[in-house]
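Take a look at the letters that make up each chain.
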Amino acid sequence: MRYAETGFNLEIDLSRGSIERVATDPRLTELHLGGLGTNAKILWDRVPPEVEPFSPDNLLIFSTGLLGGTPTPGANRTIVSTFSPQTLLMAYSMMGGFWAPELKYAGYDKVIIRGKSPDLVYLWINNDKVEIRDASHLQGKGALETAELIREELKEPKAQMAAIGLAGENRVYYASIEHGRSSASRGGIGAVMGDKGLKAIAVRGTKDINIARPDEFIELCNEVLQYIQYRAENPIKGVPPILAGIGSPQEMAIDDEQWHTTSFAWGNARHRRKDFWTKEIEEQWKKTQEKAVERLISCHNCPMKCGAIVTYPALGVSKYMMKCYSKLTYTMAAMSDLDFGFRIAGHAQEYGVDGYTTPQVMAFAVELYEAGILTDEDLPGFPSDNEERFFWLLDRIVRREGIGDVLANGVYWAARHIGKGAEAYDRNTIKKHEQIPIKLGMLNPIYYIMWSTGEKANITQIEGQLPQAPFPTRELREEFVKDWIQIPTGKEEKFKRFILDWGEPGKSFPDYPSIDLICDLVDWQETMHYIDDATGVCAGLSSFPLKPPYHIHNLPNFISSETGMDIDEAELSEIAKRNRTLLRAVNIRRGMRRKDEKPPEDHWKKRFPELEAKLLDEYYKFKGWNNQGIPTQESLHELALDYVSEDFLQRGILTDDEGTPSKETSAEKEKK
Amino acid sequence: MKGEKKKKIVKTIKVDADKCNGCRACEVVCSAFHAAPKYSSNNPARSRIRVIHEPLKDVYLPVYAGEYAPAECAGRDKYTIDGKEYDECDFCRASCPSRDLFKEPDSGLPLKCDMCEDDPPQKEPLCVQWCLNDALTYEEREEEVEEEEVEREKLEIGLESLANEYGLDKIIDTVARMSQKG
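Worth saying up front: this structure is predicted, and the values here are computed from it rather than measured.

### A closer look at the overall build of chain A
In terms of helices and strands, chain A carries 25 helices and 22 strands. Here the C-alpha radius of gyration of chain A, 24 Å, is about what a compact globule of 672 residues would show, namely 26 Å. For chain A, the C-alpha atoms occupy an extent of roughly 60 × 60 × 55 Å along the three principal directions. Within chain A, the fraction of its 672 residues that count as buried is 56%. Nonlocal contacts in chain A, meaning residues at least 24 apart in sequence, comprise 70% of its contacts between residues at least 6 apart.

### A closer look at helix H21 (residues 555–563) of chain A
Residue and element names in this part refer to chain A. With nine of nine residues buried, H21 is to be regarded as a mostly interior element. By the burial criterion, the buried members of H21 are Leu 555, Pro 556, Asn 557, Phe 558, Ile 559, Ser 560, Ser 561, Glu 562 and Thr 563. The elements touched by buried residues of H21 are helix H7 (214–233), helix H20 (515–535) and helix H22 (569–589). Positive phi appears at Gly 564, one or two residues downstream of H21, with a value of about 85°.

### A word on the sheet that holds strand S3 (residues 60–63) of chain A
Residues and elements named next belong to chain A. The mixed open sheet is built from six strands, whose spatial order is S2-S1-S6-S3-S4-S5. Since the sheet does not close on itself, it has two edges, and those belong to strand S2 (18–23) and strand S5 (90–95), each with one partner. In this sheet, adjacent strand axes meet at a mean angle of 15° when their direction is disregarded. Taken together, the three bridges between S3 and strand S4 (residues 78–83) define a ladder with antiparallel strand orientation. Bridge assignment links Ser 63 to a residue of S4, and that residue is Ile 79. Most of the contacts of helix H2 (residues 35–46) go to S4, to which it runs at about 20°, and overall it touches S3, S4, S5 and strand S6 (110–114).

### Some thoughts on the interface of chain A and chain B
Between chain A and chain B, the residue contacts involve 32 residues of the former and 24 residues of the latter. Here the side of chain A that touches chain B takes six residues from H7 of chain A, the largest share from any one element. Taken together, the residues of the side of chain A that touches chain B sort by class into 17 nonpolar, eight polar and seven charged.

### Regarding the domain arrangement of chain A
Residue and element names in this part refer to chain A. By domain assignment, chain A separates into domain 1 (8–204), domain 2 (247–434) and domain 3 (440–668). Look at where the C-alpha atoms of domain 2 and domain 3 centre, and you get two points 29 Å apart. Opposite the 12 residues of domain 2 that make contact, domain 3 presents 10 residues. Residues that form the side of domain 2 that touches domain 3 fall into these classes: five nonpolar, five polar and two charged.

### Comments concerning the confidence of the model for chain B
Summing up the model confidence of chain B, the mean pLDDT is 89 and the portion of residues at 70 or higher is 95%. Prediction confidence for the complex, expressed as pTM and ipTM, is 0.93 and 0.94 respectively.

### What about H22 of chain A?
Residue and element names in this part refer to chain A. For H22, built from 21 residues, the straight-helix expectation of 30 Å at 1.5 Å per residue is met to within 8% by its first-to-last C-alpha distance of 30 Å. Of all 21 residues in H22, 16 are buried; the element is thus mostly enclosed. Following H22 by one or two positions, Gly 591 adopts a phi angle in the positive range, close to 110°.

### Some points on the pairing of strand S6 (residues 84–87) of chain B
All names here are of chain B. Two elements, strand S5 (residues 78–81) and S6, share four bridges in a ladder whose sense is antiparallel. Residue Ile 81 lies in a different strand from S6, and its bridge partner there is Lys 84. Between the antiparallel neighbours S5 and S6 lie two residues, among them Asp 82 with a positive phi of about 50°.

### Side note on unusual backbone geometry
Residues and elements named next belong to chain A. With omega at 0°, the peptide bond leading from Phe 509 into Pro 510 counts as cis. Mapping Pro 510 onto the fold places it in the loop between helix H19 (492–501) and H20. Between Tyr 512 and Pro 513 the backbone carries a cis peptide bond, its omega angle lying at -5°. Note that Pro 513 resides in the loop between H19 and H20. Even without glycine at this site, Leu 33 takes up a positive phi of about 65°.

### Quick notes on the confidence of the model for chain A
The predicted model of chain A has a mean per-residue pLDDT of 95, with 98% of residues at 70 or higher. Considering only residues more than four positions removed or in separate chains, one finds that residues 668–672 of chain A, a stretch of pLDDT under 50, has two contacts.

### Considerations on the environment of Ile 242 of chain A
Residues and elements named next belong to chain A. Checked against the element boundaries, Ile 242 lands in helix H8 (residues 241–244). Look at Ile 242 and you get partly exposed, because 18 C-beta atoms sit within 10 Å. A C-alpha to C-alpha distance of 7.3 Å links Ile 242 and Ile 254, two positions 12 residues apart in sequence.

Reading the values: the criteria
- Every chain is numbered on its own, with residues counted from 1 as its sequence reads.
- In the order they appear in the text, chains get letters beginning with A and ligands get numbers beginning with 1.
- With pLDDT at 70 or above as the cut-off, local features in this predicted model cover only qualifying residues; side-chain atom pairs require 80 or more to be listed or tallied, and sums for whole chains, interfaces and linings still use all residues.
- Only DSSP runs of H or I reaching four residues or more are called helices, and only runs of E reaching two or more are called strands; each is numbered from the N terminus.
- For the radius of gyration, the atoms used are the C-alpha atoms, and the globule rule reads 2.2 Å times the number of residues raised to 0.38.
- Field definition: a residue is buried when 20 or more other C-beta atoms are found within 10 Å of its C-beta, exposed when 12 or fewer are, and partly exposed for counts in between, with C-beta atoms placed from the backbone.
- Two residues qualify as being in contact provided that their C-beta atoms, derived from the backbone, are within 7 Å of each other.
- Each pair of strands is called paired provided DSSP finds at least two bridges between the two strands.
- Here, axes are lines fitted to C-alpha atoms. For helices the fit covers the stretch in contact, and angles between N-to-C directions go from 0 to 180 degrees.
- Each residue receives one of three labels: charged for Asp, Glu, Lys and Arg, nonpolar for Ala, Val, Leu, Ile, Met, Phe, Trp, Tyr, Cys and Pro, and polar for the others, Gly being one of them.
- These domain boundaries are the output of an automatic or database domain assignment.
- pLDDT expresses, on a scale from 0 to 100, how confident the predictor is about each individual residue.
- By this rule the span expected of a helix is its residue count minus one, scaled by 1.5 Å.

Right, here's the structure in full:
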């Protein structure tokens, strides 16, 4: 018997209409755990770098995490992986909610989709019964509306749904996969789903998930629940309210948005508005939020309430569900207010687009129009009202109508298509992908490495356990390190010392802390994220907030007691490193190199090119990568990834003489 | 005979539907607690509490499994409370032929909440312990109940069931006939 996981994947070929239930190799669980780890392994093995994202040979993988669906509090993430039409690299996005646990209850760890259906279809997974069903009547329907229609059609209100909207059908490069409560939005995975002719996957399961050592396991769960309560009663002192608790940032519960609105950039990642948050705004936004939020809601088996039911009607539905930060992304991109944010977010969700990228693409278009680069000829009938402009652009993007067809490829590709200096307005992408708009003063060397090397192309997927600024007083620093139990073994002294000294005279960025400490700190945060992405535990309870309930000391016990494998802190860290390295290898094989690893030029006003080069050099070295960011033969060997070395040698990506520059492949090619 | 007042502990779970966030931890831990061995598996389909939830109607309602009902009832009405529409069935605890709720998924046998009877006893049912948002709270209430009339003897219980089947007159005739033969 397999524990925590089911030991079976569903393999669906939409070209042939075939459905197979395939037993998985337990050895892969030992090497990669599951989730993102095994997804990366499958993509490495089965999708050669020549395969275009919109090829029938590209795979679209929906995965549970190793612990997903068990009583492990907050283990509910669905990890979706494929190759991105926008970045041409591995796209990696996840969502909370109920989908992955339902898939496991149905008896599967992953659904692996290949091929392309000639007609629009949806997949219905009901325990052992799996059908590919006609979806022609759902064409053009909103993502939430689709979910409701399928539930009615199947007479199965308990089915969990992952669906695309119009944007996915029209292969918008930042189309999302929507689950109602959550969405997997980054990297254009919804476009790949649309390209495959797959409108939705409905899942219903009523089978057991087994636990290897139940007594030990349930104690661990109870400890985590107790710690969650403890943290609710003991917010971190000396940080803004939005950073003081655990979970996703509590955007739906907290209406004090001073930190986001004054720290992040507005418009096309352009303006800081340090004086924005006034008493008047505070009262107005509080009212708006109280009107909008009907109920705070959770994901599967998690006591946090990071989402909400919102009463702003959207296209096909009277209410929708909102996650954390999308309430502000549209608001800030349009230089508007919270009411607008709630109004447009519901439409955007029905269309199925990424709440980070979409507002920025639209702000980019508005800016180009104001600069005269886009004209009335490009935007016939463009409204004069700012908010209406955003609705107008959204409608055209998701239909790929007129200028919408260009903008549907995202800022990077659109800027190059439009030309006439539009490239200069592409100021907030990394690896061709729009980032959270942050523009700051002094270079932060820790964040420099995270923005540059994080391959999930999203800062929230690598940061988390470190305060973002020094505590203002010695007293607060001492208070913070007092019960900082989450630090890895052997690093306690070093990390606590850093927090205690940070902010003292002479101990400030960019020369503090030392590069080797920076490497340690970044590696720790990255490791924790890679563990979560393999187990399916939500980062909101683990790698993302300060002092989370899950950490490197209890996670090995969770994994051991649930699966029956015995792993300790060192072994778990090594698995995370293996997964992280394999994901990098997948991207290196597609052409990613050092030159791609840089934050936007104006991310910080004060930059230090020499220091930055050194930071990258040292971090690469620390990770066992050469100066191009390519994992070396030696480090690949240590991680039992010799097959990667062999492939790299064959392709000339690595040479036996590691000083030789390596060959570049497909992500290099600019598209027409 | 006059009944005496007697104190009795009544175990109850209070449901505050306004506080439910729909995480379904109650379903997960209920099914795990009732697995054999305890916590060795979980499966909400086996849970004795289910959250009736329709997010887009803002309906969130935890319901406990109660008595088994051999046949459907006539309840098909709709209730509107605070502008939200509920089916009558949403409030019903019965394991009933009209729905798949509260039935073992393999055998179809009915499930019923047992308040997590355990040895040693749990301080609260597991669903309450795992509901950190207090949608579910446990309450022990002391109630004064009328003492039942004198405990009936086995013979009387046996005779009553015979009477139910054959009618009291027939029993009396039979007893009379038997005593004459005596």
